[in-house]
Amino acid sequence: MANLIDGKKISKEIKDELKAKVEQYKKEGKECSLAVIQVGNDPASSVYVGNKKKACEYIGIGSVSYELPEETTEQELLDLIAKLNNDKKINGILCQLPLPKHIDEDKVINSISPEKDVDGFHPQSVGSLVIGQPGFVSCTPAGIIELLKRSGIEIAGKNCVVIGRSNIVGKPMSLLMLRENATVTICHSKTKDLQAVCKQADILIVAIGKPQYIGAEYVKDGAVVIDVGIHRDENNKLCGDVKFDEVEPVASYITPVPGGVGPMTIAMLMNNCVSAMELFS
Ligand code: GUN
């Protein structure tokens, strides 16, 4: 039976650490503030944005909300970001993705000042991660590193297989595991014999984006399994990319869905906001 990695509990620990820090800063007259932008009203985005604002409130980070209509032009959004880049009271800028189709996401990501890039999506942030310079790191992969470390799981020297090569999860995840001295393999839709590659993993990180795709046949005995997926199954129940019931008896550690990786993303976003204030205000 695997040990459950409790993301809810670990994210609460991180948020409580940040809350104490923010309280202390307030006593010194320093305030921390995040601008949250949502364009349109995609229901999933509204839930994520709502959770981010709630976390700000819990920790004591000020959040300034911009709920823009679907018809907002690219230029209007770029103008708002330019204004926020120059606003000394704003430490972090979060523009929830996906954006409506008529807006170029890359242009928007590139327009956020790297000093306020709390999502870690700007090319400068990503480049800094590649060459080992300081910079903001994408929140979900950063959260997974925290989950592993705070669960006492050693990373150095381990075979780590990451399934997925997205800019938000797979690529930064692989770089972070490399930075922690794992031997890293990145798998994707064109990987030959995915099962055989995954079977070699001491740490298997699954961000494949397909509900309950990874079964026990992909998992080495005693492997650590991290499930980044979040979907609704045929009964409308939340599930991940991993067949939890099948994989759990084989793994040594596993993240549940919900309550595994998900809560860590927001905790790390909050951490990036506080760092932005500490480093650049
Ligand atoms: N959409 C899905 N995940 C994220 C995230 O971490 N940040 C932003 N800005 N948009 C997202």
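Fair warning: this is a prediction, and the values are worked out from it, not measured in the lab.

Criteria and cut-off values
- Residues numbered from 1 in each chain as written.
- Predicted model: local features only at pLDDT ≥ 70, side-chain atom pairs only at ≥ 80, totals over all residues.
- Heavy atoms only, no water.
- Patch = residues over 30% accessible without salt bridge, like charges linked within 9 Å, V, L, I, M, F, W, Y side chains within 5 Å.
- Areas by Shrake-Rupley, 256 points an atom, 1.4 Å probe, with all protein chains shown as cover.
- Salt bridge = Lys/Arg side-chain N within 4 Å of Asp/Glu carboxyl O.
- Helix = DSSP H or I, 4+ residues; strand = E, 2+ residues; numbered from the N terminus.
- Buried < 20%, exposed > 50% of the residue type's maximum accessible area, 1.4 Å probe, protein only.
- Near = heavy atom within 4 Å.
- Polar contact = N/O pair within 3.5 Å; in protein donor to acceptor, adjacent residues only side chain to side chain.
- Nonpolar A, V, L, I, M, F, W, Y, C, P; charged D, E, K, R; others polar.
- Contact = heavy atoms within 4.5 Å.
- Pairing = 2+ DSSP bridges.
- Right-handed = clockwise from strand over helix to strand, strands pointing away.
- Core = buried A, V, L, I, M, F, W, Y, C linked by side-chain atoms within 4.5 Å.
- Phe/Tyr/Trp six-rings, centres within 6.5 Å; stacked < 30°, edge-to-face > 60°.
- Lys NZ or Arg CZ within 6 Å of the ring centre and 35° of its normal.

Caption draft 1: A look at a nonpolar patch on the surface. On the surface, Val126, Val130 and Ile131 cluster together to form a nonpolar patch covering roughly 270 Å² of accessible area. With respect to the helices and strands, the residue Val126 is situated in helix α5 (residues 123–131).

Caption draft 2: Structural detail: the pattern of salt bridges. Across all of its chains, the model carries eleven salt bridges by this definition. For Glu28, the salt bridge goes to Lys30, with nearest N and O atoms at 3.6 Å. Accessibility expressed as a relative area gives 38% for Lys30, which makes it partly exposed. A salt bridge links Asp202 to Lys220; its shortest N-O distance comes to 2.7 Å. Taken together, the residues Asp202 in the loop between α8 (194–198) and β7 (203–206) and Lys220 in the loop between β7 and β8 (224–227) connect sequence positions 18 residues apart.

Caption draft 3: Main features of the site of the ligand. Neighbouring the ligand are the residues Lys52, Cys95, Gln96, Leu97, Asp119 and Phe121. In the model, a nitrogen atom of the ligand is placed 3.2 Å from a nitrogen or oxygen of the Gln96 side chain. Interatomic distance of 2.9 Å between a backbone N/O atom of Leu97 and a nitrogen atom of the ligand. For the ligand, whose accessible area on its own is 280 Å², the fraction buried by protein is 80%. Considering only residue class, the shell around the ligand consists of three nonpolar, one polar and two charged.

Caption draft 4: Structural detail: helix α7 (residues 170–179). If you check which residues of α7 are buried, you get Gly170, Pro172, Met173, Ser174, Leu176 and Met177. Residues of α7 that are buried sit in contact with α5, α6 (139–150), β5 (159–163), β6 (183–187) and β7. Two residues or fewer past α7, Asn181 is found with a positive phi of approximately 70°.

Caption draft 5: The pairing of β5, seen in detail. The element β5 is extensively covered by neighbouring structure, given that four of its five residues are classed as buried. Direction of pairing for β5 relative to β6: parallel, over a ladder of five bridges. In the strand pairing of β6, Cys160 is matched with Val184. Considered for its hand, the β-α-β crossover made up of β5, α7 and β6 is right-handed. Across four bridges, β5 lies against β7 in parallel orientation. Its bridge partner being in β7, Val161 is matched across the sheet by Leu204.

Caption draft 6: Molecular detail of the nonpolar core. One finds Leu34, Ile61, Met177, Ile205 and Met270 to be the most contacted residues of the largest nonpolar core, which totals 50 residues. With ten residues, the single largest contributor to this core is helix α10 (residues 262–280). Sequence-distant contacts of Ile61, that is, excluding residues within four places in its chain, are made with Val22, Cys32, Ser33, Leu34, Cys56, Met270, Cys273 and Val274. Core analysis: the second largest hydrophobic core is formed by 20 residues, Ile81, Ile103, Val108 and Ile112 among them.

Caption draft 7: Representation of the environment of Gly7 in the model. Topologically, Gly7 is positioned in helix α1 (residues 7–27). By relative accessible area, which is 0% here, Gly7 ends up buried. Linking Gly7 and Thr265, residues 258 residues apart in sequence, is a C-alpha distance of 9.8 Å. Sequence-distant contacts of Gly7, defined by excluding residues within four places in its chain, comprise Leu147, Gly259, Gly260, Pro263 and Met264.

Caption draft 8: Layout of the packing of aromatic side chains. On inspection of all chains with the given rule, the structure shows two aromatic pairs. Measuring from centroid to centroid gives 6.3 Å for Tyr213 and Tyr218, while their planes differ by 50°, and the two rings are tilted. Of the residues examined, Tyr218 reaches a relative accessible area of 11% and is grouped as buried. The ring of Tyr58 has Lys19 sitting right over it, with the charged end atom 4.5 Å from the ring centre.

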